[in-house]
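# A closer look at the structure
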Amino acid sequence: PGDLNPKVIWITIGTNDMLRTACSEEVVLLGILRVVEEIQKKKPSATVVINSILPLSSEHDGVLAYKSKYKELILNKKAMRQSGKAHFDLWPSILSINEELEKFATNHTNVKYFDANKVFVEERSDGTYIVKGTMMPDNIHPSKDGHKAWNEAMIQKLTAILEKN
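Reference entry: report on the structure contained in this document. (Residues numbered from 1 in each chain as written. Predicted model: local features only at pLDDT ≥ 70, side-chain atom pairs only at ≥ 80, totals over all residues. Heavy atoms only, no water.)

### Comments concerning the overall build of the chain
Of the regular secondary structure elements, the chain holds 6 helices and 6 strands. Seen in sequence order, the chain has helices and strands lined up from the N terminus as β-α-α-β-β-α-α-β-α-β-β-α. The 165 residues of the chain split such that 39% are buried. Counting only contacts in the chain whose residues sit at least 6 apart along the sequence, the fraction spanning at least 24 positions is 71%. When the accessible surface of the chain is summed, it comes to about 9900 Å², and 52% of that surface belongs to carbon and sulfur atoms. (Helix = DSSP H or I, 4+ residues; strand = E, 2+ residues; numbered from the N terminus. Buried < 20%, exposed > 50% of the residue type's maximum accessible area, 1.4 Å probe, protein only. Contact = heavy atoms within 4.5 Å. Areas by Shrake-Rupley, 256 points an atom, 1.4 Å probe, with all protein chains shown as cover.)

What follows is the structure, given as structure tokens:
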């Protein structure tokens, strides 16, 4: 609403563009940045917080990717036909988009970046990244515990932003 004047606007978008419509990294990034620009135009005094795109994994154990894995979306059509499920490796794309979002936030006034992956992702000793099972049991959607941990991290970030203003 036009008469609402929040100090902070928090956006968490982009996941469905990658997962459901298989948009490219560029399209997802440009879409998010366009939303931020529109918010800034309508509410120039508000701080916009861009939440990182959350991790996604099609692996039952929550494995995201190896450190050196290539930056591609893998759709294994044969496995999809056999199981009815697609195999996808979106982690490299998510990291790439999140890196660009963080750069954008760093270079723009009243824009902040929040890395939620610190809540949901851990690195194993073998170099693999995994979705923390209790935080996202289906490796896509946060659980009650995941939402609670995410909320606590968001409150810390929000408090820091409001204290500076």
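Okay, back to it.
### Topic: the pattern of salt bridges
Counted under the stated rule, the structure contains 5 salt bridges. For Lys42, the salt bridge identified is with Glu38, shortest N-O distance 3.8 Å. One end of the pair, Lys42, and the other, Glu38, are both in helix H2 (residues 25–42), 4 residues apart, so they sit about a helical turn from each other. We classify Lys42 as exposed; its relative accessible area is 60%. Measuring nitrogen to oxygen at the nearest pair gives 3.6 Å for the salt bridge that ties Lys103 to Glu99. Residue Lys103 and its partner Glu99 are both found in helix H4 (residues 91–106); the two are separated by 4 residues, about one turn of the helix. Overlapping salt bridges, with partners in common, bring together Arg34, Glu38, Lys41 and Lys42 in one network. (Salt bridge = Lys/Arg side-chain N within 4 Å of Asp/Glu carboxyl O.)

### A short note on the nonpolar core
Formed by 38 residues in total, the largest nonpolar core has its most connected members in Ile11, Ile50, Leu101 and Phe120. The set of elements that each furnish at least two residues to this core consists of strand E1 (8–11), H2, strand E2 (47–51), H4, strand E4 (111–114), helix H5 (117–120) and helix H6 (144–164). Those residues within four positions of Phe120 in sequence are excluded, and the remaining contacts are Leu54, Pro55, Ile130, Val131, Lys132, Met135, Met136, Pro142, Gly146 and Trp150. (Core = buried A, V, L, I, M, F, W, Y, C linked by side-chain atoms within 4.5 Å.)

From the geometry alone we can't say anything about function, so treat these as descriptive.
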